[in-house]
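What follows is each chain in one-letter form.
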Amino acid sequence: MRLKSLAIALSTAGLLAAIPAAPASADGPWPGEEPWPPGNCQQGTFCAWPNWAPVNSGPTETPSLVTTGPWTGSAPTKTFYNYTTANVELEYHHTWQDDSTVITHCATPRGNIFYLQVIVTKVNWHGSC
């Protein structure tokens, strides 16, 4: 019985080893795996949009922010995509009923959403944040 189990395990391992690896894409290991793909954000940039993007298709409207390096300003944001290989540190604020809160967020490569409208005021590139 042990020999039969060993034979099955070895044949399964042989099959898995024989399956060719997926070719590396010029776009990197994402966005095909993402619920929020980059839409109209070009590779090598960080993009933000003022509205939520449709799941699985990505945003098509004009981004409120597109940058390839450090940036400061004011961009309304609900959806963002870090289409780079670096971590990006975002500084943003949200105004509540009584005051405004400034928050720093580490955006690793890929896309994400904010559940509330925020104003991104600073983008900084980091190796790790």
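Because the structure is predicted, anything quoted here is derived from the model rather than measured.

Turning next to the nonpolar core. By size, the foremost hydrophobic cluster in this structure holds 13 residues, and its most contacted members are F46, L65, F80, L90 and V123. Mapped by element, the contributors of at least two residues to this core are strand 1 (46–49), strand 3 (71–82), strand 4 (87–95) and strand 6 (110–126). With four residues, strand 6 is the largest single contributor of residues to this core. Leaving out residues up to four positions away in the same chain, L65 has contacts with F46, C47, A48, W71, A75, V120 and V123.

With that settled, the discussion passes to the sheet that holds strand 3. Across the sheet, which stays open at both edges, the six strands sit in the order 2-1-3-6-4-5 with antiparallel pairing between neighbours. With one partner strand each, in any of the chains shown, strand 2 (65–67) and strand 5 (100–107) form the two edges of the open sheet. Geometrically, the sheet is characterised by an average inter-axis angle of 40° between neighbouring strands, direction not taken into account. Sheet analysis places strand 1 next to strand 2, joined by three bridges and oriented antiparallel. Across the sheet, the residue bridging to C47 is V66, located in strand 2.

Mapping T67 onto the fold places it in strand 2. By relative accessible area, which is 8% here, T67 ends up buried. In this structure the side chain of T67 is engaged in a polar contact, spanning 2.7 Å, whose partner is the backbone oxygen of G69. If sequence neighbours within four positions are ignored, T67 has contacts with T45, F46, V123 and W125.

So, about the packing of aromatic side chains. Within the structure shown, the criterion is met by four aromatic pairs. With 5.2 Å between their ring centres and 45° between their planes, F80 and F114 make a pair best called tilted. Here F80, found in strand 3, pairs with F114, found in strand 6; they are 34 residues apart in sequence, far enough to count as distant. Residue F114 is classed as buried on the basis of its relative accessible area of 9%. Taking the centre distance of 4.6 Å and the plane angle of 55° together, the rings of Y92 and F114 count as tilted. Here the residue Y92 occupies a position in strand 4, and F114 occupies one in strand 6, the gap between them amounting to 22 residues. A residue is classified by how much of its surface remains accessible, and Y92, at 10% relative accessible area, is buried.

The rules behind each value
Residues numbered from 1 in each chain as written. Predicted model: local features only at pLDDT ≥ 70, side-chain atom pairs only at ≥ 80, totals over all residues. Heavy atoms only, no water. Core = buried A, V, L, I, M, F, W, Y, C linked by side-chain atoms within 4.5 Å. Buried < 20%, exposed > 50% of the residue type's maximum accessible area, 1.4 Å probe, protein only. Helix = DSSP H or I, 4+ residues; strand = E, 2+ residues; numbered from the N terminus. Contact = heavy atoms within 4.5 Å. Pairing = 2+ DSSP bridges. Axes fitted to C-alpha atoms, helices over the stretch in contact; angles between N-to-C directions. Polar contact = N/O pair within 3.5 Å; in protein donor to acceptor, adjacent residues only side chain to side chain. Phe/Tyr/Trp six-rings, centres within 6.5 Å; stacked < 30°, edge-to-face > 60°.

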